[in-house]
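Okay, here's what each chain looks like letter by letter:
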Amino acid sequence: MFNSNYPKLMRIPFIFITLCSLPLFSFAQNDPVPAYLTTQHFPDSVRNLQAVALNGEELTFGKMLDQYKGKKVVIDIWASWCRDCLVGYPKLDDLMKRTAGEDLVYLFVSVDDNDQKWRNAISRFSMTGEHYRLPSGWKNSLSSYIVLDWVPRYMVVNEDGRIVEPKTITSEEMEKALKK
């Protein structure tokens, strides 16, 4: 990153600023969510968002959710490049196994903009569940609506299609939310 011609003193401010700013980014996951998330259904701008199923079928986010109307849905927003997503998956997989008999669906919604990396991660980590990808990546109407600031981001949608748990970031928090 630095070439040897740079004086060592020039490196120190850069390193200091970098180290001081890192903690600021780690607090994003603790930001509160807007109150409207639990008082209304997904708006049309989100329901019309394009998604791709693992089998290649193209559908909207609304159609994806409508398939599971009448069931409680856990939405895991993740990405193949997200270390926390991949490290946390085994615990979520364990939760999925323990709740297998319940009327509950796990939807994995990836914000990967690269289809092959998404598919490779699912295969490599033997990820089960219903998988979808938002081809638009992180910047989309769902991310804006839920104020996505961190992945993984878990949400619970009730049988009526309304968000009842707008934000958890660990499978342990998700398990507590499902018991409510």
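Please refer to the structure placed before this passage.
Residues numbered from 1 in each chain as written. Predicted model: local features only at pLDDT ≥ 70, side-chain atom pairs only at ≥ 80, totals over all residues. Heavy atoms only, no water.

### Notes on the pattern of salt bridges
Rule in force here: Salt bridge, as used here: a side-chain nitrogen of Lys or Arg that lies within 4 Å of a carboxyl oxygen of Asp or Glu. Runs of E in the DSSP output that reach at least two residues are strands. Runs of H or I that reach at least four are helices, and both are numbered from the N terminus. Each residue gets one of three labels from its accessible area relative to the maximum for its type: buried under 20%, exposed over 50%, partly exposed in between, using a 1.4 Å probe on protein chains only.
The full count for this structure, using the stated rule, is 11 salt bridges. Between Asp 103 and Lys 71 there is a salt bridge, with the nearest N and O atoms lying 4.0 Å from each other. With Asp 103 in the loop between helix 4 (83–98) and strand 4 (104–110) and Lys 71 in the loop between helix 3 (61–66) and strand 3 (72–78), this residue pair connects regions lying 32 residues apart in the sequence. Classification of Lys 71 by relative accessible area gives partly exposed; the value is 33%.

### Some thoughts on the nonpolar core
As a reminder, the rule being used: The set of buried Ala, Val, Leu, Ile, Met, Phe, Trp, Tyr and Cys residues whose side-chain atoms join them within 4.5 Å is what this entry labels a nonpolar core. Contacts are assigned to residue pairs with any non-hydrogen atoms lying within 4.5 Å of each other.
Phe 42, Phe 61, Ile 75, Ile 77, Trp 78, Tyr 106 and Leu 142 are the most contacted members of the largest nonpolar core, which has 49 residues in total. Beyond its immediate chain neighbours, meaning those up to four positions away, Tyr 106 contacts Val 74, Leu 92, Leu 95, Met 96, Thr 99, Gly 129, Glu 130 and Leu 178.

### Some words on the environment of Trp 138
When you line up the elements, Trp 138 lands in the loop between strand 5 (130–133) and helix 6 (141–146). Each C-alpha atom, one on Trp 138 and one on Val 151, is 9.9 Å from the other, the two residues being 13 residues apart in sequence. Contacts of Trp 138, omitting those with residues within four sequence positions, involve Trp 81, Val 111, Ser 143, Leu 148, Asp 149, Trp 150 and Val 151.

### A closer look at the sheet that holds strand 5
Selection criterion: The criterion for strand pairing is that DSSP finds at least two bridges linking the strands in question. To obtain each axis, a line is fitted to C-alpha atoms, and for helices this fit is confined to the stretch in contact; angles are then taken between N-to-C directions over 0 to 180 degrees.
The strand order 2-1-5-4-3-6-7 describes an open sheet built from seven strands, whose pairing is mixed. What marks the edges here is a single partner per strand, and that holds for strand 2 (58–60) and strand 7 (163–168). Each adjacent strand pair in this sheet contributes to an overall mean axis angle of 30°, direction not counted. Relative to strand 7, strand 6 (residues 153–157) is paired through three bridges, and the arrangement is antiparallel. The partner of Val 156 across the bridge, within strand 7, is Glu 165. Here helix 4 sits on the sheet and contacts strand 3, strand 4 and strand 6; the angle it forms with strand 4, its principal contact strand, is near 165°. Sheet strands in contact with helix 5 (residues 115–124) are strand 1 (50–53), strand 3, strand 4 and strand 5, and its direction is about 160° off that of strand 5.

Keep in mind these numbers describe shape, not what the thing actually does.
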